[in-house]
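These are the residues of each chain, in order.
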Amino acid sequence: MGKIIGIDLGTTNSCVAVLEGKDAVVIPNLEGARTTPSVVGFAKDGERLVGAAAKRQAITNPQNTVYSIKRFMGRMHSEVATEEKLVPYHVTENERGAVMVEVGGKKQSPPEISALVLGYLKKSAESYLGHEVTQAVITVPAYFNDSQRQATKDAGRIAGLEVLRIINEPTAASLAYGLDRKKNEKIAVYDLGGGTFDISILEIGDGVFEVRSTNGDTHLGGDDFDKAIIDWMADEFLKSNAIDLRKDLMALQRLKEAAEKAKI
Amino acid sequence: MKNEKIQTNDNGAETTAPDMADSPAESELTVEEQLSIQLAEKNEQFLRLAADYENYRKRMARQMEEVARSANDRILNDLFDVVDNFERALKTNGTDLESMRKGTEMIYQQVIRLLASYDIKPFDSLGEVFDPNKHEALMKTPSADYPEGCVAMEISKGFMQGERVVRHTRVAVSSGKPAEGQATPPGSAENSN
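Here the structure is a predicted model, which is why all the values come from computation and not from measurement.

### A few points about the pattern of salt bridges
On inspection of all chains with the given rule, the structure shows 23 salt bridges over all chains. The residue Glu31 of chain A makes a salt bridge to Arg56 of chain A at a minimum N-O spacing of 3.0 Å. With a gap of 25 residues between them, Glu31 of chain A in the loop between strand S3 (23-26) and strand S4 (36-37) and Arg56 of chain A in helix H1 (residues 52-56) connect regions that are remote in the sequence. With a relative accessible area of 7%, Arg56 of chain A lands in the buried category. For Arg101 of chain B, the salt bridge goes to Glu98 of chain B, with nearest N and O atoms at 3.7 Å. Of this pair, Arg101 of chain B and Glu98 of chain B both sit in helix H2 (residues 97-117), 3 residues apart, which is roughly one turn of the helix. Assessed through its relative accessible area of 42%, Glu98 of chain B is described here as partly exposed. Bridged by salt links that share partners, the residues Lys227, Asp231, Asp235, Asp244 and Arg246 of chain A form one connected network.

Below, the structure written as structure tokens:
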């Protein structure tokens, strides 16, 4: 019997893990990294790129590089007017009004795009485990509605994965900390991602989790921290040297690297 | 449950047979008793295996740490030689820029040789068609020298170990020839060194 993989399908990055004995172990992807950017690129020659490779070419091919697709999962086009303006790729709709993205010369649904990320994680897991993987558990934000959960399941199916369970992200985090063994407790789980910040209040009773409340900022994450640090450094330099480093792409790149390192 | 007995045939394989007076049963245990003994045995085996696995996992984790540490030590020891040379260079009081440049060049060559001893070599990307498996695009820039989609400038060098890319070359990708009369933008290949 093959192993079941657990997937955190994130807005910015995704991650796959498997149980080895009693512990969950993060599986490195095909490039050896523990997280995979949730980015898909469609090159002019028809090649599809997933993860870090897609991210590396993003700037050369912005209209055909899809990131943050999670923001469009299971949504109607009429619901995403604000989100649509924040991405460089073309967002449209199908005959039922559901979101579609037009990339690589054709209309594709958000589950089809997510399936490419899931497929890459599936392949990484198969290479690590040495056998085929056909079953998975995928996490979603606690605030995801039925349509968004169904879209996530569809993405799994398109990637060749039977999705055994959709688990709330805060519940999965609590399980990882062994909090299911506690009785009748209220806990707060906060999740600061690359582009989103969620907080959830859970109540545990006899191993059953109930999400009591969930909130957050859908446009606040680590990337904004980087930007704030870059701006601070650039402003200080501007004050002391009267040169705006943000206008020089090379200098800006070095500030960006320094900001990311400083944050960690 | 019917009162069945398990008997062992000549090959040692177990078969079940109805309790008939004329079939001499070697065991007086009922099927339930036999199965519960087997279950206890399997349970014992399982617990041993689980404990063995857990110990093995811990031992492997410890060994991995040691392997990583000794590998790091090797690299660090090689790096100390580089530090030595920088210290020697800093101790000289000369103001001769040319000999300073030569010294820096020698230390640079030492580092490149050190990397080569780990089979790590820099690779050239300038003018090549942009390839996300080897290059990381940081910007697009107009270029009179390189066609659209090719690497117009290397911002930092890429390194390979055998066929594996250890660090992708950070590049500016050409967006084609600059428009007539357009000044070369800052940070482009033409005015960088």
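### Some points on helix H4 (residues 146-158) of chain A
Residue and element names in this part refer to chain A. Given a rise of 1.5 Å per residue, 13 residues ought to cover 18 Å, and the 18 Å separating the end C-alpha atoms of H4 matches this to within 8%. If you check which residues of H4 are buried, you get Gln148, Arg149, Ala151, Thr152, Ala155 and Gly156. Seen along its axis, H4 keeps its buried residues to an arc of 160°; they face one direction. Along H4, exposed side chains directed more than 90 degrees from the buried face belong to Asp146 and Arg157. Contacts made by the buried residues of H4 are with strand S1 (4-9), helix H3 (110-129), strand S11 (135-140) and strand S12 (162-168). A side-chain oxygen of the first residue of H4 lies 3.0 Å from the backbone nitrogen of Ser147; this N-cap is Asn145.

### A short note on the sheet that holds strand S10 (residues 106-108) of chain A
All names here are of chain A. Read across the open sheet, the 3 strands follow the order S8-S9-S10; overall the sheet is antiparallel. Taken across any chain shown, the strands that pair with only one partner, and hence form the sheet edges, are strand S8 (90-93) and S10. In this sheet, adjacent strand axes meet at a mean angle of 40° when their direction is disregarded. Judged from the 3 bridges that link them, strand S9 (residues 99-103) and S10 form a sheet pairing that is antiparallel. Each bridged residue has a counterpart across the sheet, and for Val103 the counterpart in S10 is Lys106.

### Considerations on the nonpolar core
Residues and elements named next belong to chain A. With 39 residues, the main nonpolar core has Ile5, Ile7, Phe72, Tyr89 and Ile113 as its most contacted residues. Elements supplying a minimum of two residues to this core: S1, strand S2 (13-20), strand S5 (40-42), S9, H3, S11, H4 and S12. With 8 residues, the top contributor of residues to this core is H3. Residues contacting Phe72, with those up to four places away along its chain left out, are Val80, Glu83, Glu84, Val87, Tyr89, Val91, Val99 and Pro110.

Reading the values: rules and limits
- Residues numbered from 1 in each chain as written.
- Chains lettered and ligands numbered in written order.
- Predicted model: local features only at pLDDT ≥ 70, side-chain atom pairs only at ≥ 80, totals over all residues.
- Heavy atoms only, no water.
- Salt bridge = Lys/Arg side-chain N within 4 Å of Asp/Glu carboxyl O.
- Helix = DSSP H or I, 4+ residues; strand = E, 2+ residues; numbered from the N terminus.
- Buried < 20%, exposed > 50% of the residue type's maximum accessible area, 1.4 Å probe, protein only.
- Expected span 1.5 Å × (residues − 1).
- Arc of directions from axis to C-beta.
- Contact = heavy atoms within 4.5 Å.
- Polar contact = N/O pair within 3.5 Å; in protein donor to acceptor, adjacent residues only side chain to side chain.
- Pairing = 2+ DSSP bridges.
- Axes fitted to C-alpha atoms, helices over the stretch in contact; angles between N-to-C directions.
- Core = buried A, V, L, I, M, F, W, Y, C linked by side-chain atoms within 4.5 Å.

None of the figures reported here should be taken as evidence of function without further support.
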